[in-house]
Amino acid sequence: MIVILKQGVNDQKIQELVSRFEQMGFSCHKSRGEHTTILGIIGDTSRVDIEAVRAIEIVEDVKRVSEPYKTVNRKFHPEDTVISVPAGGRGAAKIGGGHFAVIAGPCSVENEEQIVAIAREVKKSGATMLRGGAFKPRTSPYSFQGLHEEGLKLLKTARKETGLPIVTEIMDLSHLEYFDDIDVIQVGARNMQNFELLKALGHTGKPILLKRGLANTIEEFLMSAEYIMSGGNAQVILCERGIRTFETMTRNTLDISAVPVLKRVSHLPVIVDPSHAAGLPWLIEPLSKASVAAGADGLMIEVHNDPSCALSDGSQSITPAQFDAVMGRIKALVSFEGKKMS
Ligand code: PEP
Ligand code: MN
């Protein structure tokens with residue numbers, strides 16, 4: 001960390017600041033120019049509050065030269081993290097380090113017949129995990145809000161029928177007790193910075209699928225993953241799901257460059273959700289292909305057996321037949337990238 005001091009600061013004030021950093025366990029390198037004095041703070045500064053340093057009377061500016069995230073940083077963990085997801089204790093799907101996961105299913109769990117039928121279809125096409133929302137974050141309070149605990153129960157029925165691990169979203173910390181028997185807990189885009197929720201998930205032993213917020217930077221995204229990992233839970237899957245831009249032709253804008261950027265700076269598996277990024281079924285295939293080519297470790301795709309009657313996100317869902325066609329093309333690309341679906 002580099003601390004640039006205001007002009008004309010006297011030696012005593014500089015020494016006081018140096019001692020303050022030294023007491024915090026850092027060593028300080030002082031560089032005195034004709035007009036400006038610069039302090040190089042050496043040590044693990046990830047715990048230093050940069051705004052608090054900026055607020056010190058004699059400080060003109062502060063710059064980080066190392067990243068504020070640590071546990072998610074590839075520098076301290078060069079090899080890819082591989083996450084094993086058991087399906088309620090049976091078998092396991094893997095993601096990361098050459099294992100490519102395809103998480104497919106409806107936006108919302110609607111009834112037993114729907115979720116079990118879709119689970120069977122997506123499994124047949126090669127999906128490795130089943131998704132389905134039971135607690136739904138909807139823009140309107142008048143829209144379908146999900147089946148709640150009943151939805152979680154139906155997901156477990158679909159898991160029993162197919163052996164697929166289940167992925168579902170938690171919206172509130174108070175619901176955590178219902179997620180004991182869920183294989184992967186999803187944190188939705190709107191909750192990416194719900195820090196109390198992230199902290200609590202950091203104390204669970206469960207894989208967490210963390211979605212990037214609608215208007216969050218990659219660094220903020222990684223800091224949210226850091227919240228989970230610093231609590232002791234190393235099983236975090238990062239999900240790029242599109243960000244808000246000025247564009248109106250798509251629901252969001254898929255930030256495809258986030259994939260190689262995240263893979264470069266972090267060891268965590270990175271997946272892409274083209275459904276919420278595009279908001280349009282015909283874009284699922286090209287965006288899925290782009291994601292595999294960009295180095296993603298998996299995809300999350302919304303599939304519905306009757307999109308026109310879906311209780312949420314029907315207009316962006318693909319049918320099982322369309323999913324099967326996408327999978328046919330994706331499989332070839334995944335193996336071309338040297339990865340396997342398992
Ligand atoms: C979802 O996966 O159904 C969902 C609500 O996604 P997001 O949080 O990315 O909007
Ligand atoms: Mn959805």
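Structure: see above.
What counts and what doesn't
- Residues numbered from 1 in each chain as written.
- Chains lettered and ligands numbered in written order.
- Predicted model: local features only at pLDDT ≥ 70, side-chain atom pairs only at ≥ 80, totals over all residues.
- Heavy atoms only, no water.
- Donors = N, O, S within 2.8 Å, 3.2 Å for Na, K, Ca; no water.
- Helix = DSSP H or I, 4+ residues; strand = E, 2+ residues; numbered from the N terminus.
- Buried < 20%, exposed > 50% of the residue type's maximum accessible area, 1.4 Å probe, protein only.
- Phe/Tyr/Trp six-rings, centres within 6.5 Å; stacked < 30°, edge-to-face > 60°.
- Polar contact = N/O pair within 3.5 Å; in protein donor to acceptor, adjacent residues only side chain to side chain.
- Contact = heavy atoms within 4.5 Å.
- Salt bridge = Lys/Arg side-chain N within 4 Å of Asp/Glu carboxyl O.

Engineer: Describe the coordination of the manganese ion (ligand 2), naming the residues involved and giving the relevant values.
Structural biologist: For the manganese ion (ligand 2), every protein donor is listed as Cys107 (SG), His276 (NE2), Glu302 (OE) and Asp313 (OD), and the spread of their distances is 2.1 to 2.4 Å. Along the chain, the residues donating to the manganese ion (ligand 2) are arranged with the sequence spacing C-x168-H-x25-E-x10-D. One end of the pair, Cys107, is in the loop between strand S7 (99-105) and helix H3 (112-124); the other, Glu302, is in strand S14 (residues 298-302), and 195 residues separate them in sequence. Glu302 matches Cys107 in its accessibility class, with the two residues each being buried.

Engineer: Describe in detail the packing of aromatic side chains, supporting the description with residues and values.
Structural biologist: Overall, the coordinates contain four aromatic pairs when judged by the stated rule. Centre to centre, the rings of Phe135 and Tyr178 are 6.4 Å apart; their planes meet at 5°, and the pair counts as stacked. Residue Phe135 is located in the loop between strand S8 (129-131) and helix H4 (149-162), and its partner Tyr178 is located in the loop between strand S9 (166-170) and strand S10 (184-187); the two are separated by 43 residues in the primary sequence. Put simply, the rings of Phe135, Tyr178 and Phe179 pair up and form one aromatic cluster.

Engineer: Lay out the side chain of Thr204 with the relevant residues and their values.
Structural biologist: Summarising the element assignment, Thr204 is placed in the loop between helix H5 (195-201) and strand S11 (208-211). Overall, the relative accessible area of 17% leaves Thr204 in the buried class. Polar contacts involving the side chain of Thr204 include one to the main-chain carbonyl oxygen of Leu201, which spans 2.8 Å. When residues no more than four places from it in sequence are discounted, the contact partners of Thr204 are Leu176 and Asn233.

Engineer: Account for the pattern of salt bridges, naming residues and giving values.
Structural biologist: With the rule as written, the count across this model stands at 22 salt bridges. Here Asp61 ties to Arg54 by a salt bridge, and the two come within 3.5 Å at their closest N and O atoms. Between Glu121 and Lys124 there is a salt bridge, with its nearest N and O atoms 3.7 Å apart. Placement of the pair is Glu121 and Lys124 together in helix H3, with a separation of three residues, close to one helical turn. Each of Glu51, Arg54, Asp61 and Lys63 takes part in a single network of salt bridges with overlapping partners.

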